[in-house]
Amino acid sequence: MTETQPSMSSAPALEVAGLAKSFGSLMVASDVHLNVAPGERRGLIGINGAGKTTLFNMIAGELKPDRGAIRFFGDEITADSVIQRTLKGLGRTYQVSTLVPSVTVRENLALTRGDGRLPSLWQPWQSRLDDDLLDTADQLGLTPVLDEAVANLSYGTLRQLELAMVMACKPRLLLLDEPAAGLSHAERQVLQGILQDLPQEVTLLMIEHDMEMVLALSDRISVLHQGEMFAEGSPDEIAAHEGVRDIYLGRANG
Ligand SMILES: Nc1ncnc2c1ncn2[C@@H]1O[C@H](COP(=O)(O)OP(=O)(O)OP(=O)(O)O)[C@@H](O)[C@H]1O
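Residues numbered from 1 in each chain as written. Predicted model: local features only at pLDDT ≥ 70, side-chain atom pairs only at ≥ 80, totals over all residues. Heavy atoms only, no water.

**Student:** Got a minute to help me understand the nonpolar core in this structure?
**Tutor:** It is characteristic of soluble globular proteins that their nonpolar side chains tend to be buried jointly. If you look at the biggest cluster of nonpolar residues, it comprises 37 residues, and the most contacted ones within it are Val 105, Leu 109, Leu 161, Leu 163, Leu 174 and Leu 195. Among the secondary structure elements, those contributing two or more residues to this core are α3 (105-111), α4 (131-139), α5 (155-167), β7 (173-177), α6 (185-196), β8 (203-207) and α7 (211-217). The greatest single-element share of this core, amounting to seven residues, is contributed by α5. Residue contributions to this core reach at least three from each of two domains, namely domain 1 (11-89 + 171-253) and domain 2 (98-170). The residues touching Val 105, leaving out its near neighbours within four places in the chain, are Val 145, Leu 146, Glu 148, Val 150, Leu 153 and Leu 161. Formed by 24 residues, the second largest nonpolar core is a distinct cluster that contains Leu 34, Phe 56, Ala 60 and Phe 73. (Core = buried A, V, L, I, M, F, W, Y, C linked by side-chain atoms within 4.5 Å. Buried < 20%, exposed > 50% of the residue type's maximum accessible area, 1.4 Å probe, protein only. Helix = DSSP H or I, 4+ residues; strand = E, 2+ residues; numbered from the N terminus. Domains from an automatic or database assignment. Contact = heavy atoms within 4.5 Å.)

Right, dumping it as structure tokens:
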């Protein structure tokens, strides 16, 4: 008997199954399940300390889960290193900056193509950007500031550059950890437009406290609470979900 194997393209972009993690006696994830379809925009919300960043750290390979499995487009990556996951197409941004402030935007972007070493007198800086990088810079609104020193950029532009650095590596799945944190209202509007215009083939999983932005950008939203996925639904379903409102108003059990 021949059985048709499911094609890789039908596999979820990300599948998290039964993930558990404790820090000493603090259980941050007890049985987390998550399924994100290719090309989907998924919001991940939950009150402070719900374990959202911990979940990202496990998905990205920075933290080893105590239990459970992570699959990336059907490929089990639970035991892979951060680098292996990055090479497979998993990209992430952080809440803190990972840029080199003393050099220009162009030179930071060039780092994504080099060996990651800083320039020296004997090794001139390789800062010619290929067309792909110039396109990425343009998509992220960075063309006017390519020759500005990173130290002189506004906070909003810094966040755009961080996103460009990850997009330059052509991720298939992008984990965004609070991309709007610290941005002004105007900067949030710019960021929202940029995220809306990201190529549809890039799957997004986004932690964000700005509910307006999460509701506007997400196809679906998952709510993490007390170490488990408490709810999942469309933005309208989550906005109307009484249990979710109770969590945010501090009325949920526990
Ligand atoms: N390395 C660690 N060691 C010990 N405790 C940790 C560690 N990392 C996170 N925690 C704790 O785990 C819990 C979840 O933290 P986490 O940062 O994942 O939550 P979060 O949902 O991302 O919160 P926020 O929305 O405030 O960023 C918190 O109580 C935090 O103090």
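**Student:** How do you make sense of the domain arrangement of the protein chain when you look at a structure like this?
**Tutor:** Looking at the assigned domains, one finds that the protein chain contains domain 1 (11-89 + 171-253) and domain 2 (98-170). If you look at the interface, domain 1 gives 18 residues, while domain 2 gives 12 residues. Both faces combined, the contact of domain 1 with domain 2 buries some 1100 Å², and carbon together with sulfur accounts for 73% of it. Where domain 1 packs against domain 2, one counts zero salt bridges. Tallying contributions element by element places α6 first for the side of domain 1 that touches domain 2, with five residues. Its residues assigned to classes, the side of domain 1 that touches domain 2 comprises 13 nonpolar, one polar and four charged. (Buried area = accessible area lost by both parts, 1.4 Å probe. Salt bridge = Lys/Arg side-chain N within 4 Å of Asp/Glu carboxyl O. Nonpolar A, V, L, I, M, F, W, Y, C, P; charged D, E, K, R; others polar.)

**Student:** Quick question: what am I supposed to make of the pattern of salt bridges here?
**Tutor:** It is possible for side chains of opposite charge to pair when their charged atoms get near one another. Inspection of every chain in the model, using the stated rule, returns 14 salt bridges. Residues Lys 21 and Asp 66 are paired through a salt bridge, measuring 3.7 Å at the closest nitrogen-oxygen approach. Residue Lys 21 is located in strand β1 (residues 14-23), and its partner Asp 66 is located in the loop between α1 (52-60) and β4 (67-72); the two are separated by 45 residues in the primary sequence. The exposure class of Asp 66 is partly exposed, given its relative accessible area of 47%. Between Arg 92 and Glu 62 there is a salt bridge; the shortest N-O distance is 3.1 Å. A residue pair is termed long-range when its members are at least 10 positions apart, and Arg 92 in strand β6 (residues 90-92) and Glu 62 in the loop between α1 and β4 qualify at 30 residues.

**Student:** Help me out: how do you make sense of the sheet that holds β1 in this one?
**Tutor:** Sheets are built from strands paired through backbone hydrogen bonds, the pairs being either parallel or antiparallel. Strands sit in the order β2-β1-β4-β5 across an open sheet of four strands; the sheet is antiparallel. Either end of the sheet is taken by a strand with one partner, and the two such strands are β2 (26-36) and β5 (75-76). Judged from the seven bridges that link them, β1 and β2 form a sheet pairing that is antiparallel. Bridged to Phe 23 within β2 is Leu 26. (Pairing = 2+ DSSP bridges.)

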